[in-house]
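Chain by chain, the residues run as shown.
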Amino acid sequence: MNEANTFEPGMHVDQPAAAEPALTTRTHLWFVILIVGYMIDCADRFMVSAVLPAIKAEFAFSDARIGMIGGSFYLGLALLAVPMGLLVDRTSRKYMISGMLFVWSIATLAMGGARGFGSMLLSRIGVGMGESGYNPAAYALMSAWYPKRVRATVVGIFTMAAPLGGGIGIALAGYLTHRYGWRHVFGVMAVPGLVLALIFLFAPDYRARRAPSSGGGAVHAPVGETLRFIVGNRALLLVLLTELVLFIYVGGFNVWGVVFLMRAFSLDVVHASRFATLVVLFGAIGAIFGGVMSDWFKRRSDLGRIHSMLTSLPLFATFGMLFLLTPRLGLGLGFGVSMACAAQFCQASIWASIVAGAIDLVPPHYRATTMSCEPLFMGLSAFVAPPLIGWISDHSNLTLALQSALLTSVVGCVLLLLAARRSYREDAEKQGLIGSITVDLI
């Protein structure tokens, strides 16, 4: 498929896929704003791990219930992921992003007033629902703004916002919980999202159309046609499913990481949150490195995205297991945190390849719907994993629960990627059946 990009309102050009689009300051500015939105998203998502010990102490919840509160966010994410992706592809991406920011910020505020287990679940589910379409919309916009040759690098820079936002959220939540109580955390964290919801009303959007060589005219994305394309692309589904498998551990650790540090190394919530923040921030470096590495592999092979992931996964497993075994090996906190940082670096480096690998297989007018599978699969996995880890912890110990999740994630991802490698080239060529598509900023 010949995909061209344009970067000024009202302009449209048809150019070969290898041509470089003219990037503008406007493009870069809104890319930065997208990153800030994702940081707020992840701060609201991950900060709950720092307040769970205080909630457990106040309400005497079991680990299984605490895991459900932590994971319920992902249920909301999964429930609306695909419907939101379909809406994004058929309506305004900027207005959808603005609306989602408003909804998840109000739900975050509601968590601060929750009075019991049920209201906490509903609040966190609401946050997940609000955030369900943000990434699909953001990935669709980025794929229109930047050329394919740097796609994973751009995704890596965007993904950097996850550990940065998560780290800021955890650190701030730990501090506010210690000084003012856990309820104040959610009131403070709701404000930035409400402000950004207003700013996004002025963002640029894009429309897809057929190039003259393919008949010209606007491109539409009927629901049935879009879903048939996704389901009929074996490599695409396998790459997206790595998200589901990877988040068995990642989703579980996002909820249980601070608790594990407190129990394994006898830390209070403030110090555990600080170390967790340091670990998470290493993911920011890993995300950028992984994007650059993925593009480097891609320039050398059509299977470069997959090769990049297969390079990072064994390292992720090794460093992660050493971190979880640190107390039993009789090694100190410094060694454990170092291994956790290395594991986070490797895990974050995988993300850009998953997203870029999926986007490479999909034409512009299907991208938001396709990328809605990412929060769907991530949400399903991360909703089930935290309470399951909590249940294993209640019946055995938290270390064993996290070790089991880590091994399941890594082995599952490797098997899926080896299967995807067999049909990746063939499935990438299916875009040619649709014709040449161009995108215009509006």
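Residues numbered from 1 in each chain as written. Predicted model: local features only at pLDDT ≥ 70, side-chain atom pairs only at ≥ 80, totals over all residues. Heavy atoms only, no water.

**Student:** Looking at this model, I keep getting lost on the overall build of the protein. Mind explaining?
**Tutor:** Broken down by element type, the protein carries 18 helices and three strands. Relative to its 442 residues, the protein shows a buried fraction of 62%. Contacts in the protein between residues at least 24 apart in sequence constitute 84% of all its contacts with a sequence separation of at least 6. (Helix = DSSP H or I, 4+ residues; strand = E, 2+ residues; numbered from the N terminus. Buried < 20%, exposed > 50% of the residue type's maximum accessible area, 1.4 Å probe, protein only. Contact = heavy atoms within 4.5 Å.)

**Student:** Any chance you could explain the pattern of salt bridges here in plain terms?
**Tutor:** Pairing is possible between side chains that carry opposite charge, provided their charged atoms lie close to one another. Going through the model one piece at a time under the given rule, you end up with nine salt bridges. The salt bridge involving D360 is made with K298; its shortest N-O contact spans 4.0 Å. One end of the pair, D360, is in the loop between α14 (333-359) and α15 (367-371); the other, K298, is in helix α12 (residues 269-300), and 62 residues separate them in sequence. Residues D360 and R305 are paired through a salt bridge, measuring 2.9 Å at the closest nitrogen-oxygen approach. (Salt bridge = Lys/Arg side-chain N within 4 Å of Asp/Glu carboxyl O.)

**Student:** What should I look at first to understand the packing of aromatic side chains in this one?
**Tutor:** The geometry of an aromatic ring pair is captured by the separation of the ring centres together with the interplanar angle, meaning the angle of the planes. Here the structure, examined in full by the defined rule, presents 18 aromatic pairs. Look at F247 and W351: their rings are 5.4 Å apart centre to centre, the planes differ by 70 degrees, and that puts the pair in the edge-to-face class. Of this pair, F247 sits in helix α11 (residues 234-265) while W351 sits in helix α14, and the two are 104 residues apart along the sequence. The positively charged end of R65 is found above the aromatic ring belonging to F117, 4.2 Å away from the centroid. (Phe/Tyr/Trp six-rings, centres within 6.5 Å; stacked < 30°, edge-to-face > 60°. Lys NZ or Arg CZ within 6 Å of the ring centre and 35° of its normal.)

**Student:** Please explain a nonpolar patch on the surface as it appears in this structure.
**Tutor:** Together, Y95, L198, L201 and F202 make up a nonpolar patch on the protein surface, roughly 460 Å² of accessible area in all. Residue placement: L201 occurs in the loop between α9 (182-199) and β2 (206-210). On the basis of relative accessibility, which here comes to 34%, the residue L201 falls in the partly exposed class. (Patch = residues over 30% accessible without salt bridge, like charges linked within 9 Å, V, L, I, M, F, W, Y side chains within 5 Å. Areas by Shrake-Rupley, 256 points an atom, 1.4 Å probe, with all protein chains shown as cover.)

**Student:** Can you help me understand the nonpolar core in this one?
**Tutor:** Soluble, globular proteins show a tendency: their nonpolar side chains are buried together. Counting 137 residues, the largest nonpolar core has L34, F158 and F200 as the members making the most contacts within it. Counting residues per element, this core draws most heavily on α11, at 19 residues. Leave out the neighbours within four places in its chain, and L34 touches I97, Y134, A138, L141, M142, W145, F158 and F200. (Core = buried A, V, L, I, M, F, W, Y, C linked by side-chain atoms within 4.5 Å.)

**Student:** Can you help me understand the side chain of T177 in this one?
**Tutor:** With respect to the helices and strands, the residue T177 is situated in helix α8 (residues 161-180). For T177, the side chain forms a polar contact with the main-chain oxygen of A173, separated by 2.6 Å. Contact partners of T177, with chain neighbours within four places excluded, come to A50, V51, A54, W182 and V185. (Polar contact = N/O pair within 3.5 Å; in protein donor to acceptor, adjacent residues only side chain to side chain.)

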